[in-house]
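Coordinates in review
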Amino acid sequence: MVVAHHERVVAGKGGASVPAGLGVALRSVSNPATVAGLTRLLGESPGGLFTKRCVAEALRNIHSGDALPLLVALLDDPDPAIQYIAVMGRGRYAKRPRR
């Protein structure tokens, strides 16, 4: 039986899981009001590494002072992909030179 991509489930710690579609949707979050919820997801990581990467991508998209400390903390994550996402997100705060 073939399961549609949006119905697949990503297993995490303790058997917890999140729908894969939800994790993918997290990547496109850019509303600064979601930082508190994303912070909770980082701590719980119900979908394990997959969810953590998606949350990191969401934080990269949120250009808010509330997201910055979380991005800085993710620079020390053991996963190189999360470190990269954090570097790219942190880089968005750099001032661009005027032409």
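Structure shown above.
Residues numbered from 1 in each chain as written. Predicted model: local features only at pLDDT ≥ 70, side-chain atom pairs only at ≥ 80, totals over all residues. Heavy atoms only, no water.

1. Quick look at the packing of helix α2 (residues 35–44) against helix α3 (residues 48–61)
This is how the line gets drawn: With axes taken as lines fitted to C-alpha atoms, and helix axes fitted only over the stretch in contact, angles between N-to-C directions fall between 0 and 180 degrees. Helix and strand definitions here come from DSSP, where helices need a minimum of 4 consecutive H or I residues and strands a minimum of 2 consecutive E residues; each element is numbered from the N-terminal end. By definition in this entry, angles of less than 35 degrees are roughly parallel, angles greater than 145 are roughly antiparallel, angles of 65 to 115 are roughly perpendicular, and the rest are oblique. Put simply, a crossing is left-handed when the front helix is turned counterclockwise from the back one by less than a right angle, and right-handed when it is turned clockwise. We call two residues in contact whenever any of their non-hydrogen atoms come within 4.5 Å of each other. Three categories are distinguished: nonpolar for Ala, Val, Leu, Ile, Met, Phe, Trp, Tyr, Cys and Pro, charged for Asp, Glu, Lys and Arg, and polar for the others, with Gly belonging to the last.
Axis separation between α2 and α3 bottoms out at 9 Å; the angle between their running directions is 155°. Judged by the angle between their axes, α2 and α3 are roughly antiparallel. Like other packed secondary-structure pairs, α2 and α3 cross with a definite hand, here left-handed. On α3, the residues touching L38, L41 and L42 of α2 are K52, V55, A58 and L59. The residue inventory of the contact of α2 with α3, partitioned by class, reads 6 nonpolar, no polar and 1 charged.

2. A closer look at the environment of P32
Inspection of the secondary structure assignment puts P32 in the loop between α1 (20–26) and α2. Distance from P32 to A67, taken between C-alpha atoms, is 7.6 Å for residues 35 residues apart in sequence. With sequence-adjacent residues up to four places away left out, P32 is seen in contact with I62 and S64.

3. Overview of the side chain of E57
Here is the rule we go by: For every residue, the accessible area (1.4 Å probe, protein chains only) is compared with the maximum for its type, and the residue is labelled buried under 20%, exposed over 50%, or partly exposed between those bounds.
Following the sequence through the fold, E57 ends up in helix α3. When its relative accessible area of 17% is taken as the criterion, E57 is described as buried.

4. Focus on helix α5 (residues 80–91)
The following threshold applies: What a helix should span is 1.5 Å times the count of its residues minus one. Directions pointing from the helix axis toward each C-beta atom define the arc.
Relative to the 16 Å expected for 12 residues at 1.5 Å per residue, α5 spans 16 Å between its end C-alpha atoms, a close match to the ideal helical length. For α5, the set of buried residues is I82, I85, A86 and G89. All buried residues of α5 fall inside an arc of 100° around its axis, so they share one side. Turned more than 90 degrees away from the buried face of α5 sit P80 and Y84, all of them exposed. Among the structural elements, α3 and α4 (68–74) are those in contact with the buried residues of α5.

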